[in-house]
Amino acid sequence: MRTVILRSSDGADHIVSSEAASLSRTVQSLLEELEAKEGEESPLIVPLPNVCDCTLRKVLQYCIQHTEPGTNLTGRIHVSETRRRDLEVWDRNYMLVSTDELYHLVMAAHYLNVPGLLELCCEGIANLIRGKSPQHVRQHFGLVNNFEKAEEEDIRRTNLWALVDEKELAKK
Amino acid sequence: MVVTRSLFKVYVRAAFENLPDELLMEILAHLKDRDLGVALCTSKRFYACREAVWREASAKRWPTWFAVARGSEIPWRRQYEMLSLRERELLVLPSLAAIQKKQTVVNAQNRAVLTEWLAEVSWDWQLESTIVFKAAAYLDHYLMNHSVSELGGFQLVGIACLRVAMGDVQQRSGQQDEEEEKKAMDPARFAYISDRTYTAAQVEEMTAVVQTSTCDDLRTCPNAKMFLRSFWYRSVQGGAINKEEMHIYTLASFFLQLALLDLDLSTLPASLLAACALANSMELFGKNVWPNTLQHYSAYTAADLATTRTKLNQVQGSTAAEHIRALWRKHHEHHGYEEYREEWTHALQVIASPCPAPAVKCTSDTMSSSSTQTIGPM
């Protein structure tokens, strides 16, 4: 199997199978270009200036896990039921990261265009929002309440359902 | 190194505010209802794209409806809220069969007497008008789960349902004076209105029973009166009704009040009843019965309403409900705008005594693309 080298923004190289690397559509199209230019024999080095080493390492964990035997390139078809369930458990554990890490991961998944990972991250972020009050969400994601007084009053008035349970949530 | 790391963190934390648009949309697409509302209320940037987000979310969640209504000008958040509430009410719809199976002593007639009395008490106490609708919903759920062994205890159940409903509404508004609140909820006050048939302790005890038999979904469920308000507001906004034509609204509310007394009707979705009440009232005053604005907003086509509108007309034409009719007439005699004097007189006539209405023919402008198909949430 062919291997490729992915180079992070801070210059660290990661050697992975081209199969795993191609889960990223961005990398896949870069590889195709490189192959056309350099020929099939030369080593393929893909620089990824938008992804730091730490995040790239994490992304590659996902790519490798999702290209293990029994999975094909898209990671969807021909997957046995047991394998699918194992992957789900693995994904859940994989998502146990800090909010900061999650932010970097979702940005990387977006830039590298790894559909499965992007979906997983978005669901992970959505999970952090569910059941919280606006103030809790702000705290969690480091957002600043930048509404003017009048605007906030308007929101309070017209978005009742967003505020209804604040009292109950405060109790928890 | 340590310093740069912490600086880095500060930078990162603020960055959620600057997620690329498409990524933000992607994340929000994973949320619904209240959670989506909350996310949009957290910062200026999220709030700015709210209508686009609600539109996307509506399109994704109710594609059949969206295919029909997409072209019209729609306030998307309200629209989403409406369709979502229509789904939510189905979760706690009382079952007529279950009530009939459980009850051997209490029948529909007894229920009519009790609900009429509850409505009277609500008038006397000047309660917020949705409370009695909530109380009736709690009552029907109680009847599904508990058998009432003797008629003498039935009124106590009704009193307890009213008390729980009042407590829930108070808790939600949360702005009342605590002393007042306590006084209003005093069990002795509820015992008193039963002509001291029951003691305060009995009221307290039954309240606890009703409280445990009403689930959260039921307590936060919208009622017919709330739906009527939304439909009314939408038809005024959409220009189908002039906001001063309050006779239409008043009569529709009255129809809902009568529907509350009828067990069969009470087991139908509240949104359907509200739609039918408004349509019947509009028909009485020669309006376009179910204009496109309302079809889109409510996701009920004119055809969806036909059966229930006929039933509602029958109930209106056959329910004596003397106490309620008298109360309504007294309270509304001097209302209304001068230019609609004639309409008010007509409305008061309908309120005063049962008047037979013809069966509903479904000929009005049904949406062309889906005249036979239901487009609403299932």
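Bear in mind that the values here come from a model prediction, so they are computed numbers and not experimental data.

J.: Can you help me understand the pairing of strand β2 (residues 13-17) of chain A in this one?
T.: Residues in a regular strand point their side chains to alternate faces of the sheet. Note: strand β1 (residues 3-7) of chain A against β2 of chain A, five bridges, orientation antiparallel. Paired with Leu6 of chain A across the two strands is His14 of chain A, which belongs to β2 of chain A.

J.: Would you take a moment to explain the pattern of salt bridges for this structure?
T.: Two side chains of opposite charge can pair, provided their charged atoms sit close to one another. As enumerated under the stated definition, the model contains 22 salt bridges over all chains in all. Residue Arg61 of chain B is joined to Asp33 of chain B by a salt bridge in which the shortest nitrogen-to-oxygen separation is 2.9 Å. Placement of the pair is Arg61 of chain B in helix α5 (residues 50-61) and Asp33 of chain B in helix α3 (residues 33-40), with a sequence separation of 28 residues. In this structure, Lys311 of chain B engages Asp264 of chain B in a salt bridge whose closest nitrogen and oxygen atoms are separated by 3.9 Å. With Lys311 of chain B in helix α21 (residues 302-318) and Asp264 of chain B in helix α18 (residues 263-266), the pair connects residues that are 47 residues apart, well separated along the chain. Shared partners join several salt bridges into a network, and the residues in it are Glu81, Arg84, Arg85 and Glu88 of chain A.

J.: Mind showing me how you'd approach the interface of chain A and chain B here?
T.: Interfaces are frequently sized by the accessible area removed from exposure as the parts join. Opposite the 44 residues of chain A that make contact, chain B presents 36 residues. Approximately 3700 Å² of surface area, both sides summed, lies buried where chain A meets chain B, with 61% of it carried by carbon and sulfur atoms. At the junction of chain A with chain B, the criterion picks out two salt bridges. Salt-bridge contacts for Glu148 of chain A lead to Lys44 of chain B; the nearest nitrogen and oxygen are separated by 2.8 Å.

J.: Please explain helix α3 (residues 53-65) of chain A as it appears in this structure.
T.: Residue and element names in this part refer to chain A. Compared with the 18 Å implied by 1.5 Å per residue over 13 residues, the 18 Å span of α3 between its first and last C-alpha is a close match. Where α3 is concerned, the buried positions are Asp53, Thr55, Leu56, Lys58, Val59, Leu60, Tyr62, Cys63 and Gln65. Residues of α3 that are buried sit in contact with β1, β2, α1 (18-21), α4 (81-94), α5 (99-112) and α6 (115-129).

J.: I tried to follow the nonpolar core on my own but got confused; where do I start?
T.: Nonpolar side chains in soluble globular proteins tend to be buried together. Within the largest apolar cluster, 89 residues are counted, with the highest numbers of intra-cluster contacts made by Leu162, Phe231, Leu278 and Trp290 of chain B. Shared between two domains, this core holds at least three residues of each, these being domain 1 (96-219) and domain 2 (224-370) of chain B. Contacts of Leu162 of chain B, omitting those with residues within four sequence positions, involve Leu118, Val121, Ser122, Trp125, Leu127, Ile131 and Ala135 of chain B. Counting 68 residues, the second largest nonpolar core, distinct from the first, contains Val46 of chain A together with Ala15, Ile27 and Ala69 of chain B.

J.: Can you help me understand the side chain of Ser281 of chain B in this one?
T.: Residue and element names in this part refer to chain B. Along the chain, Ser281 turns up in helix α19 (residues 270-284). On the basis of relative accessible area, Ser281 is assigned to the buried category, the value being 0%. Every residue in contact with Ser281, bar those within four places of it in the chain, is listed here: His247, Ile248, Leu251, Ala252 and Phe255.

J.: I tried to follow the side chain of Glu116 of chain B on my own but got confused; where do I start?
T.: Residue and element names in this part refer to chain B. Along the chain, Glu116 falls in helix α9 (residues 108-124). For the buried residue Glu116, which engages in no salt bridge, the nearest side chain bearing the opposite charge is Arg325, 7.9 Å off. Apart from residues no more than four positions distant in its own chain, Glu116 is found in contact with Leu261, Ala321, Glu322, His323 and Ile324.

J.: It is not clear to me how the state of the cysteines should be interpreted in this structure. Could you clarify?
T.: Where two cysteines share a covalent bond between their sulfur atoms, that bond is called a disulfide. Residues and elements named next belong to chain B. Tallied over the full model, the rule gives zero disulfides over all chains. Left unpaired, Cys49 is separated from the closest cysteine sulfur, that of Cys41, by 12 Å. By relative accessible area, Cys49 is classed as buried at 19%.

J.: Sorry, what's going on with the confidence of the model for chain B here?
T.: When pLDDT drops low, the exact placement of atoms in the prediction is not to be read closely. Residue and element names in this part refer to chain B. Across chain B, the average pLDDT comes to 87, with 90% of residues at 70 or higher. Taken as a whole, residues 364-372 scores under 50 in pLDDT and shows 19 contacts with residues more than four places along the chain or in a different chain. In the predicted complex, the global pTM is 0.83; the interface-specific ipTM is 0.85.

J.: What's the story with the sheet that holds β1 of chain A in this structure? I'm lost.
T.: Paired through backbone hydrogen bonds, the strands of a sheet run either parallel or antiparallel to each other. Residue and element names in this part refer to chain A. Read across the sheet, three strands follow the order β2-β1-β3 without closing on themselves; strand pairing throughout is mixed. Looking at strand neighbours, the two that pair on one side only are β2 and β3 (45-47), the edges of this open sheet. The sheet shows a mean angle of 30 degrees between the axes of neighbouring strands, direction not considered. With three bridges joining them, β1 and β3 adopt parallel strand pairing. Paired with Arg7 across the bridge in β3 is Pro47. Across the sheet, helix α2 (residues 25-38) is in contact with β1 and β3; its angle to β3 comes to roughly 130 degrees. α3 rests against β1 and β2 of the sheet, and its axis sits at about 10 degrees to β2.

J.: Would you mind showing me how to read the domain arrangement of chain B here?
T.: Residues and elements named next belong to chain B. Each assigned domain of chain B is listed here: domain 1 (96-219) and domain 2 (224-370). One C-alpha centre belongs to domain 1, the other to domain 2; they are set 26 Å apart. Roughly 1700 Å² is buried in total at the junction of domain 1 and domain 2, and carbon and sulfur atoms are behind 70% of that figure. Looking only at domain 1, the three residues that lose the most surface to domain 2 are Glu116, Trp123 and Phe133, adding up to 39% of its buried area. Where domain 1 meets domain 2, there are one salt bridge. Its salt-bridge partner being Glu128, residue Arg229 comes within 3.1 Å of it at the nearest N-O pair.

J.: In this structure, what is going on with empty space enclosed by the protein? I would like to understand it.
T.: Gaps left between atoms are located by rolling a probe of water-molecule size over the structure's atoms. Residue and element names in this part refer to chain B. Scanning all chains against the criterion turns up four cavities of 30 Å³ or more. What the largest cavity holds in volume is close to 350 Å³. Looking at the largest cavity, it is lined by 23 residues, and the ones nearest its centre are Phe133, Ala137, Asn223, Ser266 and Ala270. For the lining of the largest cavity, the secondary structure elements donating two or more residues are α10 (131-145), α17 (246-261) and α19. Ranked by residues supplied to the lining of the largest cavity, first place goes to α10 with six residues. Across the lining of the largest cavity, the residue classes tally to 16 nonpolar, three polar and four charged.

Rules of the game
Residues numbered from 1 in each chain as written. Chains lettered and ligands numbered in written order. Predicted model: local features only at pLDDT ≥ 70, side-chain atom pairs only at ≥ 80, totals over all residues. Heavy atoms only, no water. Pairing = 2+ DSSP bridges. Helix = DSSP H or I, 4+ residues; strand = E, 2+ residues; numbered from the N terminus. Salt bridge = Lys/Arg side-chain N within 4 Å of Asp/Glu carboxyl O. Contact = heavy atoms within 4.5 Å. Buried area = accessible area lost by both parts, 1.4 Å probe. Expected span 1.5 Å × (residues − 1). Buried < 20%, exposed > 50% of the residue type's maximum accessible area, 1.4 Å probe, protein only. Core = buried A, V, L, I, M, F, W, Y, C linked by side-chain atoms within 4.5 Å. Domains from an automatic or database assignment. Lys, Arg positive; Asp, Glu negative; His and termini not counted. Disulfide = S-S within 2.5 Å. pLDDT = per-residue confidence, 0-100. Axes fitted to C-alpha atoms, helices over the stretch in contact; angles between N-to-C directions. 1 Å grid on protein atoms, 1.4 Å probe; cavity = no way out; pocket = protein on both sides within 12 Å on 5 of 7 lines; lining within 4 Å. Points joined across faces, edges and corners; volume = space filled by probe spheres on them. Nonpolar A, V, L, I, M, F, W, Y, C, P; charged D, E, K, R; others polar.

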